[in-house]
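# Residue-level structure breakdown
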Amino acid sequence: MTAGADDVGGARIGVVTFPGTLDDRDAARAVRRAGGVAVPLWHADHDLKGVDAVVLPGGFSYGDYLRAGAIARFAPVMTEIVDAAHAGMPVLGICNGFQMLTEAHLLPGSMIKNDHLHFVCRDQVLRVENARTAWTHEYREGQEIVVPLKNQDGQYVADDATLDRLEGEGLIAFRYVGANPNGSRRDIAGITNERGNVVGLMPHPEHAVEAGFGPDAEAGPRQGTDGLTFFTSVISSVLARA
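## Let's talk about unusual backbone geometry
Of note, C95 is a non-glycine position whose phi angle comes to about 60°, a positive value. By the element assignment, C95 lies in the loop between β4 (91–94) and α3 (96–103). Overall, the relative accessible area of 6% leaves C95 in the buried class. Not every positive phi belongs to a glycine, and L117 is a case in point at roughly 65°. Note on placement: L117 falls in the loop between β5 (110–112) and β6 (120–128). In this structure L117 comes out as exposed when scored by relative accessible area, which is 63%.

This is the structure in structure tokens:
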């Protein structure tokens with residue numbers, strides 16, 4: 001753990017706010033629910049405040065002008081995040097954050113409009129394809145989870161060579177189960193880099209961390225908490241490195 005960890009040994013997880021970010025408070029709450037310390041980070045600062053990991057949350061940074069995530073990629077804080085990610089810091093990009101990770105070339109491929117050209121909002125079943133990353137290691141490979149999905153530019157695309165490499169190297173982190181909600185190539189919902197510290201996905205695990213406010217589940221309506229494991233996974237990864 002970095003020297004920025006708090007006095008009681010908790011993992012410090014930075015949550016970045018850009019103009020147009022919608023889900024930063026939800027992501028911060030998810031960090032706290034998992035037992036971490038949520039550290040607010042501002043898009044215009046060159047300062048990660050000694051955090052141990054970073055979440056790029058969902059929304060419409062800079063109004064999604066030009067392309068979703070295209071302007072946010074050049075925010076001052078992203079310079080620090082790119083360098084930190086290359087050095088091994090865990091980074092999670094959710095929805096708009098996933099778009100930023102592709103724009104920053106921390107993850108391959110790109111995001112375009114949904115194939116049906118409509119905004120989609122629903123609870124989505126995902127299959128865990130890679131349970132070896134900093135953000136997924138407390139899941140089981142093949143496990144099916146349910147988290148909310150909400151996007152308009154959620155279609156993941158890449159050339160065939162890139163898709164084949166993702167398949168061959170086990171870098172697909174999540175796939176959509178059931179009907180593909182946005183036309184993403186090969187039903188890809190999320191991917192990881194080779195090192196396993198950078199993960200991006202379109203669905204929103206931070207909206208499935210607290211009973212009473214999550215998706216419907218076997219336990220009852222709104223009882224789903226499958227997303228919480230993203231955040232407990234990264235916290236245990238950070239503490240294991242301390």
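## Digging into the pattern of salt bridges
If you walk through the whole model with that rule in mind, you get 13 salt bridges. Among the ionic pairs, R186 bridges to D164, the shortest N-O distance being 2.8 Å. Placement of R186 in the loop between β9 (172–176) and β10 (188–192) and of D164 in helix α4 (residues 160–168) is noted, with a sequence separation of 22 residues between them. Relative accessible area serves as the criterion here: at 44%, D164 is assigned to the partly exposed category.

## Remarks on α4
When we look at burial in α4, the residues that qualify are T162, L163 and L166. For α4, the angular spread of buried residues about the axis comes to 100°, placing them on one side. Set apart from the buried face of α4 by more than 90 degrees, the exposed residues are D160, A161 and G168. Elements in contact with the buried residues of α4: β8 (155–157), β9 and β10. Backbone geometry just after α4 places G170 at a positive phi near 70°.

Conventions we followed
- Residues numbered from 1 in each chain as written.
- Predicted model: local features only at pLDDT ≥ 70, side-chain atom pairs only at ≥ 80, totals over all residues.
- Heavy atoms only, no water.
- Helix = DSSP H or I, 4+ residues; strand = E, 2+ residues; numbered from the N terminus.
- Buried < 20%, exposed > 50% of the residue type's maximum accessible area, 1.4 Å probe, protein only.
- Salt bridge = Lys/Arg side-chain N within 4 Å of Asp/Glu carboxyl O.
- Arc of directions from axis to C-beta.
- Contact = heavy atoms within 4.5 Å.

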